[in-house]
Amino acid sequence: MVLRRRGRRGGGGFGPQEITVKLAIPFVGEISGVWEPVDSEREAAWELYVELATRISVVELGEDQGLLREALSSLYTVFGTTREILRRYGPAVAPRVAPGHVTFGVLAVNVLNLSIRPLLSKWHPLITAHEATRGDHVDPVSHERRWARAAELRDEINSVRGVLLSLAASLNEVAGVGDLITARVPRQASATDAAATDAPAADGV
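Now for a look at the structure at hand.

A look at the pairing of strand β2 (residues 16–25)
Here comes step 1: Across the 10 residues of β2, seven count as buried, placing the element largely inside the fold.
Here comes step 2: Two elements, β2 and strand β3 (residues 29–35), share seven bridges in a ladder whose sense is antiparallel. Following the sheet pairing, Ala24 is matched in β3 by Glu30.
Here comes step 3: Connecting the antiparallel pair β2 and β3 is a turn made up of three residues, with Phe27 showing a positive phi of about 70°.

Focus: the packing of helix α1 (residues 39–53) against helix α2 (residues 68–89)
Here comes step 1: For the pair α1 and α2, the least separation of the axes is 10 Å and the interaxial angle reads 165°. Judged by the angle between their axes, α1 and α2 are roughly antiparallel. In this structure, the crossing between α1 and α2 has a hand that is right-handed. From α1, Ser40, Glu43, Ala44, Glu47, Leu48, Glu51 and Leu52 reach across to α2, where they touch Thr77, Val78, Thr81, Thr82, Ile85, Arg88 and Tyr89.
Here comes step 2: Partitioning the contact of α1 with α2 into residue classes produces six nonpolar, four polar and four charged.

Brief notes about the nonpolar core
Here comes step 1: The biggest cluster of nonpolar side chains holds 45 residues, and the ones touching the most others in it are Trp35, Leu52, Phe104, Ile116, Leu153 and Leu171.
Here comes step 2: Elements that contribute at least two residues to this core include exactly β2, β3, α1, α2, α3 (104–131) and α5 (150–175).

Observations regarding the packing of α2 against α3
Here comes step 1: Closest axis-to-axis distance for the α2/α3 pair is 9 Å, and the angle between their directions is 145°. Between α2 and α3 the crossing geometry is left-handed.
Here comes step 2: A class-by-class count of the residues in the contact of α2 with α3 yields 17 nonpolar, five polar and four charged.

A short note on the pattern of salt bridges
Here comes step 1: One pass over the full model with this rule turns up seven salt bridges.
Here comes step 2: Arg88 is the partner of Glu47 in a salt bridge, and the nearest nitrogen-oxygen pair spans 2.0 Å. Residue Glu47 is located in helix α1, and its partner Arg88 is located in helix α2; the two are separated by 41 residues in the primary sequence.
Here comes step 3: In this structure, Lys122 engages Glu156 in a salt bridge whose closest nitrogen and oxygen atoms are separated by 2.9 Å.

Thresholds, definitions, all that
- Residues numbered from 1 in each chain as written.
- Predicted model: local features only at pLDDT ≥ 70, side-chain atom pairs only at ≥ 80, totals over all residues.
- Heavy atoms only, no water.
- Buried < 20%, exposed > 50% of the residue type's maximum accessible area, 1.4 Å probe, protein only.
- Helix = DSSP H or I, 4+ residues; strand = E, 2+ residues; numbered from the N terminus.
- Pairing = 2+ DSSP bridges.
- Axes fitted to C-alpha atoms, helices over the stretch in contact; angles between N-to-C directions.
- Parallel < 35°, antiparallel > 145°, perpendicular 65-115°, else oblique.
- Left-handed = near helix turned anticlockwise from the far one by under 90°.
- Contact = heavy atoms within 4.5 Å.
- Nonpolar A, V, L, I, M, F, W, Y, C, P; charged D, E, K, R; others polar.
- Core = buried A, V, L, I, M, F, W, Y, C linked by side-chain atoms within 4.5 Å.
- Salt bridge = Lys/Arg side-chain N within 4 Å of Asp/Glu carboxyl O.

Function cannot be inferred from these measures alone, as they are strictly geometric.
See the structure below:
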C-alpha cells in the first residue's frame, strides 16, 4: 500500500486534499487510484478506522494464539459495520469520479467483496462442520487446534489482515488522525523505579 499526500484541505480540516492508494488483494490484484476525499468521506473514514482499530481482525493471529472462530466472527462484524456506514452516509461517500480515482465507497465495497466475503464464504461452513464433531468433554480451543486445516485458515486470515491494515492506513491518512493501531503508550516509571533511580550508589560503584 502506498500513500502520497498532496496539500491539505482548507477551512480547518486536518486531512490531505489528495492521497494515492494502492491495496494489494491476494489472488485478485491491486486496487489503486487517487482519492480526493470530501468531508463526508473523512467522517466515514474515521468511523471505519475506529472499527478496524478496535477489532481483533487487525491483530496478527500467530500459531497457538487466539481462536480462529473469534477471528472469523470479528471479520463478519466488520462486514456488517461497513455496510451500515455506507448506508448511513449514502451517495456522498461514493460520488462519480474520473478514471484512476477512488472513493471511500469504492475502497470499502471492494475490500468487502474481494477480500472478506470470499474468506467468510469459504471458511464459515468448514469450521462449523469441524466444530460439530467436538465431543462433550473436549474444550473448544483444543478441538480447534487439532483441526487439520487450522494452519491453512490462519494463513488466509492473516492475508486478509494485511489488506485491512493497508485500508486502515488510508483511512487514517484521510481522517487526519493519529495512529491507533500500532502506536503504543510509553511505559510510565513506577514508584519502585523512581526510588531505585534516586537511591545513592553503593561505595566503590
